[in-house]
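Residue-level structure breakdown
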Amino acid sequence: GDSVTQMEGPVTLSEEAFLTINCTYTATGYPSLFWYVQYPGEGLQLLLKATKADDKGSNKGFEATYRKETTSFHLEKGSVQVSDSAVYFCALSATFRGQFYFGTGTSLTVIP
Amino acid sequence: KAGVTQTPRYLIKTRGQQVTLSCSPISGHRSVSWYQQTPGQGLQFLFEYFSETQRNKGNFPGRFSGRQFSNSRSEMNVSTLELGDSALYLCASSSASPLAGGPTEQFFGPGTRLTVL
């Protein structure tokens, strides 16, 4: 079945450090891939998405490239800020139906 | 456009009781999904409704049920509450449709924090 495997956390980085959170997926068909972010006490917010192979999603300095050959969608940011501290979820949706598959989430803490 | 709203935001119940949570999707969205989020299990899919019909269901016992109304608002009900049902329950809406031709993102509400004592 469809699934997402996400890098275990927690991750702690100093401000301005480079961030990578790994995400790989298993899916039949041609999934769309997403990164969501959850700040403390809030619901999930869409951070970025990519709907086909080689697409790059980007938002707020974060980027992820849909790599079909490696079935990956790693999240990167060149210089993290304290305000980026949150839990990040990788997700896929393989059909037009409403079911999403989420990774387990990676907690990121950025220290000044 | 208003976002997804969930009521109540916080709820405290005791074991054996039942609870009903409500979700109002973004205007125009006909798909509503429910998730349970706990520190140990992460984000787990409960079920998804589209046009008042349940389209997908996760691996939860029959104590968890839901429904969707003609205005797309959705409720989920948990009967005979157990301590392990304590969680953040998230609702998400999307415009996903059998006619849309492709997956669309989900928009999440802030969640209802349920505590079972």
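Residues numbered from 1 in each chain as written. Chains lettered and ligands numbered in written order. Predicted model: local features only at pLDDT ≥ 70, side-chain atom pairs only at ≥ 80, totals over all residues. Heavy atoms only, no water.

Quick look at the overall build of chain B now. Per the secondary structure count, chain B includes zero helices and eleven strands. Going residue by residue from the N terminus, the α and β elements of chain B occur as β-β-β-β-β-β-β-β-β-β-β. Expected size for 117 residues packed as a compact globule is a radius of gyration near 13 Å; at 14 Å, chain B falls within 12% of this value. Its C-alpha atoms give chain B principal-axis dimensions of about 45 × 30 × 25 Å. Here chain B holds 117 residues, and the buried ones make up 51% of them. Contacts in chain B between residues far apart in sequence, at least 24 positions, make up 56% of those at least 6 positions apart. Approximately 5,400 Å² of chain B is accessible, and the part contributed by carbon and sulfur atoms is 50%. The positive charge centre, built from 11 side chains, and the negative charge centre, built from 6, are 4 Å apart in chain B. (Helix = DSSP H or I, 4+ residues; strand = E, 2+ residues; numbered from the N terminus. Rg over C-alpha atoms; globule rule 2.2 N^0.38 Å. Buried < 20%, exposed > 50% of the residue type's maximum accessible area, 1.4 Å probe, protein only. Contact = heavy atoms within 4.5 Å. Areas by Shrake-Rupley, 256 points an atom, 1.4 Å probe, with all protein chains shown as cover. Lys, Arg positive; Asp, Glu negative; His and termini not counted. Charge placed at Lys NZ, Arg CZ, Asp CG, Glu CD.)

Further remarks concern unusual backbone geometry. With an omega dihedral of -5°, the bond running from Gly9(A) to Pro10(A) counts as a cis peptide bond. The step from Thr7(B) to Pro8(B) runs through a cis peptide bond, and the omega angle for that step is -10°. Along the chain, the position of Pro8(B) falls in the loop between β1 (5-7) and β2 (10-13). Even without a glycine there, the phi angle at Glu16(A) is positive, about 80°. Here Glu16(A) is to be found in the loop between β2 (11-14) and β3 (19-21).

What follows covers the packing of aromatic side chains. Throughout the structure, instances matching the rule amount to 14 aromatic pairs over all chains. Measuring from ring centre to ring centre gives 4.9 Å for Phe34(A) and Phe100(A), while their planes differ by 35°; the resulting arrangement is tilted. Of the two residues, Phe34(A) is situated in strand β5 (residues 32-38) and Phe100(A) in the loop between β10 (86-93) and β11 (101-102); the sequence distance between them amounts to 66 residues. Here Phe34(A) matches Phe100(A) in class, with each residue buried. Centroid distance Phe102(A) to Tyr35(B): 5.4 Å. Interplanar angle 85°. Geometry classified as edge-to-face. With one member in each of two chains, Phe102(A) in strand β11 and Tyr35(B) in strand β4 (residues 31-38) form a pair that bridges those chains. The pair formed by Phe102(A) and Tyr35(B) is uniform in burial state, with each residue classed as buried. Through a chain of ring-to-ring contacts, the aromatic side chains of Phe34(A), Tyr36(A), Phe89(A), Phe100(A), Phe102(A), Tyr35(B), Phe45(B) and Phe108(B) assemble into a single cluster. (Phe/Tyr/Trp six-rings, centres within 6.5 Å; stacked < 30°, edge-to-face > 60°.)

Moving on, we come to the nonpolar core. One finds Trp35(A), Leu47(A), Leu48(A), Phe73(A), Leu75(A) and Tyr88(A) to be the most contacted residues of the largest nonpolar core, which totals 27 residues. Elements supplying a minimum of two residues to this core: β2, β3, β4 (23-26), β5, β6 (44-50), β8 (62-65), β10 and β12 (106-111) of chain A. With four residues, the single largest contributor to this core is β10(A). Counting residues in each nonpolar core, the second largest holds 21 residues, with Leu11(B), Cys23(B), Trp34(B) and Ala87(B) among its members. (Core = buried A, V, L, I, M, F, W, Y, C linked by side-chain atoms within 4.5 Å.)

That is the geometry; function is a separate question.
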